[in-house]
Structures are given as structure tokens and as C-alpha cells.
Amino acid sequence: MIKVSTKFSKQVDFISDTTFIALEFCEDCIIGDISKVLKTEDGFVISDQHNTGQVFKFHDDGSFQYRIGAKGDGLGNYVLPFDISLVPGTDHLAVLDQNQRKILFYSLNDGSFVEELPINFQAKSIQFLTERKLAIHFDGQFLGTEQDYLAGILDLDQGEFTYKGVYDFVKTDQNNTAGDFYHSPEGLLFSKSLNDTVFQVLEKGFVPKYKLDFDDRAVADDIKVLPLMDMRMRMMEEMPFYHNGNFIENEDYLFFLWWGEEEFENMAVWEKGEKTLTNYKGKELIFKRPFYIDDKFMYSFLTNADYENINSENPYLGLSENHLIIKVALE
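Okay, so let's go over this structure. What you see is a predicted model, and the numbers here were worked out from it, not measured in a lab.

Reading the values: the criteria
Residues numbered from 1 in each chain as written. Predicted model: local features only at pLDDT ≥ 70, side-chain atom pairs only at ≥ 80, totals over all residues. Heavy atoms only, no water. Pairing = 2+ DSSP bridges. Helix = DSSP H or I, 4+ residues; strand = E, 2+ residues; numbered from the N terminus. Axes fitted to C-alpha atoms, helices over the stretch in contact; angles between N-to-C directions.

1. Let's talk about the pairing of strand β15 (residues 147–155)
The sheet contact formed by strand β14 (residues 133–138) and β15 spans five bridges and is antiparallel. The residue of β15 that forms the bridge with A135 is I153. By the bridge criterion, eight bridges tie β15 to strand β16 (residues 160–169) in an arrangement that is antiparallel. Residue G152 lies in a different strand from β16, and its bridge partner there is K164.

This is the structure we're talking about:
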């Protein structure tokens with residue numbers, strides 16, 4: 001149980017250095033906005049779901065390598081990259097294209113098409129656990145029920161789901177609150193929209209690992225059952241507190257974002273050894289959206305909205321016409 005307080009700190013004690021990796025700007029590698037970043041051995045895979053609708057591969061130093069796949073209809077192409085996942089034990093990247101109801105596989109060596117897998121379910125996000133098993137966050141807005149199972153483990157060899165869980169209010173998936181898979185050295189975490197339980201994902205199922213305690217400011221169940229517009233109106237009126245994803249952890253720290261009374265997200269840092277929580281104002285952070293962590297470094301990025309809300313006098317802005325990757329050294 002992690003009790004989330006409303007006290008904030010300006011002093012960052014767990015970072016010793018910051019490096020800004022400017023992503024190359026060229027005709028073939030313009031990123032409209034970053035939706036997701038995956039760390040590979042030699043660089044980064046970046047998905048731009050909402051602007052260009054494409055997936056890119058960059059080197060560790062920020063230089064552009066190639067596009068992964070191509071946008072379009074038909075075999076080998078994706079209409080929209082809803083989510084991306086590395087496939088353990090292979091050199092493949094999986095791209096979820098819910099528009100065409102399929103998962104496509106591409107080579108991480110050159111971005112070329114390998115194969116595709118038709119699917120018969122609606123998914124918001126996926127994460128491969130092994131080469132033949134994947135975890136899925138079902139898209140609740142298509143289920144047509146008040147509550148349902150919103151996560152599952154699909155065994156490709158058996159051709160069936162070996163587990164379905166995270167029984168929750170399906171209408172919350174229509175909200176824009178983040179819910180996703182987050183891979184860390186400590187394992188895979190899953191957070192569900194407007195649900196304050198954080199799950200560890202195993203091959204056999206989803207197990208509660210953390211519970212965020214927002215006390216009487218948490219989102220009440222009677223809000224979650226409302227139609228989307230009514231839900232949003234109630235939340236605007238009551239301003240409840242809730243997480244906004246980006247759960248990432250190593251042996252010492254757990255990081256996550258949460259919404260409070262202000263219009264900006266806050267970052268919380270849970271120190272496991274001391275069992276203490278420190279909050280930082282989101283509009284003052286440059287490492288706001290971490291996507292990879294180990295014992296020494298944490299990598300993060302900023303969205304277009306983040307750039308707009310940060311003081312333009314900061315020296316790192318203007319380093320590149322494309323986006324930046326922020327690498328911080330941990331104490």
C-alpha cells in the first residue's frame with residue numbers, strides 16, 4: 001500500500017547527471033509526437049500513433065536508422081500502430097493494428113516485414129511475455145457490459161486464452177487516462193485506467209503488486225459507471241486523484257504519474273528501502289515520462305503537450321528540430 005500525499009519537493013536527490021539525446025531530423029524521420037518508446041540494445045524504437053502513424057528506429061546517439069514497416073492497407077502494412085512490443089528471444093518487433101485486426105512482426109535489423117497474425121479481439125495494448133505468449137489489455141469500450149475481464153494471457157501455440165482477469169468497470173477505458181504495460185528489471189507491470197491497483201504480469205496471470213491510496217480523493221465507483229460525458233463532467237466537478245501510468249521500477253525506486261488538483265500531472269517516486277514517497281510537480285520535470293530503467297540510468301521523453309508547458313528558457317529546448325530522449329544517471 002502506497003499512501004499518496006499532497007506534499008511536493010523541488011530537490012531531486014536521486015539524479016547525479018542528465019544527458020539530452022537529440023533525435024536526428026530528416027525527411028523520413030520526422031516525429032509528430034511520441035506515443036511510446038522501447039529501449040533496444042543499440043537504440044530506441046519510437047511509435048507516433050496520433051500524428052504520422054508510423055514507427056521509427058533510432059540509434060543510441062540519436063541518429064536515424066530506418067522506419068519499421070509502412071503505413072497502409074494490406075499484407076505487411078499497418079493502418080495505425082496502436083501499440084508496439086519487443087518479442088523476447090527474437091530480433092522482432094510486434095505492432096498491434098486494431099484497424100485491420102492483426103499483429104504484425106518486423107525485423108529489428110532493418111525494419112522489414114516478417115509475418116502477421118490475425119486476431120479476433122479488441123485490444124488497447126499488448127506485451128509479449130515470451131515468443132509464443134502475450135499479455136493483452138482488452139479494450140473495454142467494445143464489450144457492452146458494465147464490468148468485465150479486461151486483461152488476458154494468450155498462448156499462440158494453444159490458440160486460446162489461458163487466463164482472463166482484472167475484472168473492472170469497462171467504461172473507464174473510454175477515458176483518456178493512461179493504462180498500459182511497463183517493463184522494468186523487476187518485471188512487467190500493468191496499470192488499468194482509473195484503477196489504483198498496479199498488477200505484476202506473469203505468464204500465468206495478473207497479480208496485484210501495489211495499491212495507491214488516495215484516501216477520500218480516489219475515483220468513486222459511482223463515477224466509473226456513468227456514460228463518458230457524464231463521467232468527465234463529474235470528474236471535472238469533484239477533481240478526484242488518480243494515477244496516470246508510467247509505472248517503472250528498479251530495485252530501489254518505483255516511479256509513476258498521478259493527477260491531483262492542478263491541470264498538470266505529478267510524478268511520484270517511491271523509495272522502497274525507506275518506504276517514503278516524494279512528489280514533484282509535473283510541469284517542472286524534464287524526465288516526466290520514463291520508459292526504461294536499470295540500476296544506473298533512467299530514460300524518458302516528453303510529449304508535445306509537455307514541451308508547451310515547460311519554461312522555454314530551459315537550455316535543452318532547441319537542441320533538435322525533432323524530439324529528445326532524456327537520460328538521467330541515478331545516484
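Moving on from the model shown.
2. Some thoughts on the sheet that holds strand β26 (residues 289–293)
Ordered in space as β2-β28-β27-β26, the four strands form an open sheet in which the pairing is antiparallel. The open sheet is flanked by β2 (15–22) and β26, the only strands paired with a single partner. Here the strands of the sheet are splayed against their neighbours by 25° on average, with no regard to which way each runs. Pairing analysis gives four bridges linking β26 to strand β27 (residues 297–301), with the strands arranged antiparallel. Within β27, the residue paired with I293 across the bridge is M298.

3. Remarks on unusual backbone geometry
Positioned with a positive phi, R101 is a non-glycine residue whose angle comes to about 55°. Mapping R101 onto the fold places it in the loop between β10 (92–97) and β11 (102–107). Phi at L194 takes a positive value of approximately 55°, unusual for a residue other than glycine. Mapped onto the elements of the fold, L194 is located in the loop between β18 (187–191) and β19 (197–202).

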